[in-house]
Amino acid sequence: MTTVIDTPPAQAEQQPGQRIQNYRNVLGWPTTIDSVSGDVYLQLGTTVDALIMRAGTGAEVNNFLARHMLRVPIIVVPGDPHDWIFLTQPRTTMRMSSWGDLVRTQIGWKRHGDTVLLPASDNVKEGVRWLERPQPHMTLPPWTTVADAARRVSSPCGTW
C-alpha cells in the first residue's frame, strides 16, 4: 500500500543567528539583527541597494528583466497594494530626467544607510517573504539596469 503525503515534512525554523550568518557568509550582505524581535535587517548603500515599487509595476519589471535573462532577488512586503523590493548593486549616478521618471512612475528607494527587513527563508505565505530568492554568490544587477527596466515598462510607448 502506498501512502501519499500532501504536505512536506516541517523543517526546523532557522534561528535569527543562523539567518544572519547565511546572509553575511553566503551572500556577503551587511546585516544586523534586532535583539528584541530577532528580525534580520539588510543595511542599504554600501554593498546592496534597492528599488521599491507596487506589485503590478514590479511584475512588469520582473518580466522585462527575465526576458533579458536577468534574475533579481525580490522581497514582497504585504499591504494594500503589496510593495516589491528589488535588490541591486549600490546606486550610481543618473541624469535628473531619469530620477524624474522614477518619481513620476512611483518607483521609490531608501536612503544610504537605511535598512530593509529580510524574510525568513522558510516563510512563503505571510508577512515579508521572498518572491525571488537570492542565490549563493550571485551577482546583483546594477541599480541602473533595474531603474532602466522600470522606466521602459512604464513608458507610454512600451519597450520599442
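Preceding this paragraph is the structure being described.
Residues numbered from 1 in each chain as written. Predicted model: local features only at pLDDT ≥ 70, side-chain atom pairs only at ≥ 80, totals over all residues. Heavy atoms only, no water.

## Structural notes on the overall build of the protein chain
Item 1. Looking only at helices and strands, the protein chain has 4 helices and 8 strands in total.
Item 2. Ordered by position in the sequence, the α and β elements of the protein chain form the string α-β-β-β-α-β-β-α-β-β-β-α.
Item 3. Look at the contacts in the protein chain between residues 6 or more apart in sequence, and 71% of them connect residues 24 or more apart.
Item 4. As presented, the protein chain carries roughly 9,700 Å² of accessible surface, and 53% of it is formed by carbon and sulfur atoms. (Helix = DSSP H or I, 4+ residues; strand = E, 2+ residues; numbered from the N terminus. Contact = heavy atoms within 4.5 Å. Areas by Shrake-Rupley, 256 points an atom, 1.4 Å probe, with all protein chains shown as cover.)

## Some words on the sheet that holds strand 2 (residues 40-43)
Item 1. Judged by pairing direction, the sheet is antiparallel, and its 3 strands sit side by side in the order 1-2-7 without closing on themselves. Edge strands, defined here as strands with exactly one partner in the open sheet, are strand 1 (31-33) and strand 7 (115-118). Geometrically, the sheet is characterised by an average inter-axis angle of 35° between neighbouring strands, direction not taken into account. (Pairing = 2+ DSSP bridges. Axes fitted to C-alpha atoms, helices over the stretch in contact; angles between N-to-C directions.)

## Here's the deal with the pattern of salt bridges
Item 1. Counted according to the given criterion, the structure contains 7 salt bridges.
Item 2. With a closest N to O distance of 2.4 Å, arginine 54 and aspartate 83 form a salt bridge. You can see arginine 54 sitting in strand 3 (residues 49-54) and its partner aspartate 83 sitting in strand 5 (residues 83-88), a full 29 residues away along the chain.
Item 3. Where arginine 152 meets aspartate 148, a salt bridge forms, and the shortest distance between an N and an O atom there is 2.9 Å. Of this pair, arginine 152 and aspartate 148 are both found in helix 4 (residues 143-153), 4 residues apart, which corresponds to roughly one turn of the helix.
Item 4. In this structure, a network of salt bridges that share partners links the residues Asp101, Arg104 and Arg151. (Salt bridge = Lys/Arg side-chain N within 4 Å of Asp/Glu carboxyl O.)

## Focus on the nonpolar core
Item 1. In terms of nonpolar packing, the biggest core is built from 21 residues, with Leu51, Met53, Val61, Leu65, Phe86, Leu102 and Val146 touching the most fellow members.
Item 2. Secondary structure elements with two or more residues in this core: strand 3, helix 2 (55-67), strand 4 (74-77), strand 5, helix 3 (96-104) and helix 4.
Item 3. With 6 residues, helix 4 is the largest single contributor of residues to this core.
Item 4. Those residues in contact with leucine 51, other than ones at most four positions away along the chain, are Trp84, Ile85, Phe86, Leu102, Ile107, Gly108, Trp109, Trp143, Val146 and Ala147.
Item 5. Of all hydrophobic cores here, the second largest spans 18 residues; its members include Leu42, Ile75, Leu87 and Leu140. (Core = buried A, V, L, I, M, F, W, Y, C linked by side-chain atoms within 4.5 Å. Buried < 20%, exposed > 50% of the residue type's maximum accessible area, 1.4 Å probe, protein only.)

## Focus: the environment of isoleucine 74
Item 1. Within the secondary structure layout, isoleucine 74 lies in strand 4.
Item 2. Between the C-alpha atom of isoleucine 74 and that of glutamate 132, which follows or precedes it by 58 residues, the distance is 4.9 Å.
Item 3. Ignoring sequence-local partners within four residues, the contact set of isoleucine 74 consists of Asn62, Trp84, Ile85, Phe86, Arg129, Trp130, Leu131 and Glu132.

## A short note on the packing of aromatic side chains
Item 1. Counted under the stated rule, the structure contains 1 aromatic pair.
Item 2. With a centroid separation of 6.4 Å and 45° between ring planes, the pair formed by tryptophan 29 and tryptophan 130 is classed as tilted. In this pair, tryptophan 29 is assigned in the loop between helix 1 (16-26) and strand 1 and tryptophan 130 in strand 8 (residues 129-132), connecting sequence segments 101 residues apart. As far as the burial class goes, tryptophan 29 and tryptophan 130 line up, both buried. (Phe/Tyr/Trp six-rings, centres within 6.5 Å; stacked < 30°, edge-to-face > 60°.)

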